[in-house]
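Each chain, written out:
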Amino acid sequence: MATLETTVKKQEKVIEKMEKALESKLREKNRPSIDKGPVIEKHRGSTDCRTEEVQSALAAENSRLHEELDRIRKQPFPVITAQTKEVLSLKERLSLINKLEMADARVQTLEAQLEENSKVWGKQKQEMLTKLNEHRHGFIGTSSTKILHDASSVS
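The rules behind the values
- Residues numbered from 1 in each chain as written.
- Predicted model: local features only at pLDDT ≥ 70, side-chain atom pairs only at ≥ 80, totals over all residues.
- Heavy atoms only, no water.
- Helix = DSSP H or I, 4+ residues; strand = E, 2+ residues; numbered from the N terminus.
- Contact = heavy atoms within 4.5 Å.
- Expected span 1.5 Å × (residues − 1).
- Buried < 20%, exposed > 50% of the residue type's maximum accessible area, 1.4 Å probe, protein only.
- Salt bridge = Lys/Arg side-chain N within 4 Å of Asp/Glu carboxyl O.
- Core = buried A, V, L, I, M, F, W, Y, C linked by side-chain atoms within 4.5 Å.

Engineer: I tried to follow the environment of Leu69 on my own but got confused; where do I start?
Structural biologist: By the element assignment, Leu69 lies in helix 2 (residues 38-74). The spatial distance from the C-alpha of Leu69 to the C-alpha of Thr7 is 9.7 Å, given a sequence separation of 62 residues. Leu69 has contacts with Val8, Gln11, Glu12 and Ile15, leaving out every residue within four places of it along the chain.

Structure (structure tokens):
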């Protein structure tokens, strides 16, 4: 939006400069030349056509720029959407859908692996904690045959 405003301001400045140049040319043309004499009169006929052509071209360009400026001012501000306005071909769409499906399948596989690994880890952790507690409390051996170490000191 800022670029549009700067463009409009630049166009306005150009239009103002063109108008000033046109006005100064008209003032110079309307001023009588006293010291130049008849030499200028011969030249004036050919230059009058040229200046008229230049003035008409400048006036046409000036009006065109005014119309463009009015048209730009009347346009509503563009609404920027999150979606791109590019039209994708059918092949590109199918390719993107295929990639999406592959990514979804990979995510589901990884989630299943994570769940399984977390169950295994939890089971291993619990076994290790159980063994640690058994060792702290003096139990030695396998889980099927529990033997109390230093049983004589307990009695």
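Engineer: Please explain helix 1 (residues 2-30) as it appears in this structure.
Structural biologist: An α-helical turn contains 3.6 residues, so a residue and the one three or four places further along point in the same direction. The end-to-end C-alpha distance of helix 1, which contains 29 residues, comes to 42 Å, matching closely the 42 Å that a straight helix rising 1.5 Å per residue would cover. Buried within helix 1 are the following residues: Val8, Gln11, Ile15, Met18 and Leu22.

Engineer: I keep staring at the side chain of Gln11 and nothing clicks. Help me out?
Structural biologist: When you line up the elements, Gln11 lands in helix 1. Once you skip the residues sitting within four places of it in the chain, Gln11 turns out to touch Glu68, Leu69 and Ile72.

Engineer: What exactly am I supposed to notice about the pattern of salt bridges here?
Structural biologist: Opposite charge on two side chains permits pairing when their charged atoms draw close. Per the stated rule, a full pass over the model turns up four salt bridges. For Glu61, the salt bridge identified is with Arg64, shortest N-O distance 2.6 Å. You can see Glu61 and its partner Arg64 sitting in helix 2, three residues apart, about one turn around the helix. The partly exposed category is assigned to Glu61, whose relative accessible area is 28%. Residue classification places Arg64 among the partly exposed residues on the basis of a relative accessible area of 41%. The closest approach of N and O atoms between Arg64 and Glu68, which form a salt bridge, is 3.1 Å. With a gap of four residues between them, Arg64 and Glu68 both fall in helix 2, about one helical turn apart.

Engineer: Please explain the nonpolar core as it appears in this structure.
Structural biologist: Within soluble globular proteins, side chains that are nonpolar tend to cluster in buried spots. Formed by Val8, Ile15, Met18, Leu65, Leu69 and Ile72, the largest nonpolar core amounts to six residues. Contributions of two or more residues to this core are made by helix 1 and helix 2. What Leu65 contacts, discounting residues up to four positions off in sequence, is Val14, Ile15 and Met18.

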